[in-house]
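Overview (structure and organization)
As a plain string of letters, each chain reads:
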Amino acid sequence: MKKLQIEEMKNITGGGITAWGAIGIGALLTFLAGLVDGFARPFKCH
């Protein structure tokens, strides 16, 4: 195993999530929750 120098550690990228990725995951979870709720508790349109 190679020990990294401080300068090499500063150049490591990855593992993070962008703001758009977080928004996309939130939108997907909201959609799935609405879909499950629609099947579990169907209401008539007024």
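Residues numbered from 1 in each chain as written. Predicted model: local features only at pLDDT ≥ 70, side-chain atom pairs only at ≥ 80, totals over all residues. Heavy atoms only, no water.

1. Some details on the environment of glycine 24
Within the element layout of this structure, glycine 24 appears in helix H2 (residues 19-40). On the basis of relative accessibility, which here comes to 37%, the residue glycine 24 falls in the partly exposed class. Taking the C-alpha atoms as reference points, glycine 24 and phenylalanine 43, separated by 19 residues in sequence, lie 28 Å from one another. (Helix = DSSP H or I, 4+ residues; strand = E, 2+ residues; numbered from the N terminus. Buried < 20%, exposed > 50% of the residue type's maximum accessible area, 1.4 Å probe, protein only.)

2. As for the environment of aspartate 37
Along the polypeptide, aspartate 37 turns up in helix H2. On a C-alpha basis, the gap between aspartate 37 and alanine 22 in space is 22 Å, while along the polypeptide they are 15 residues apart.

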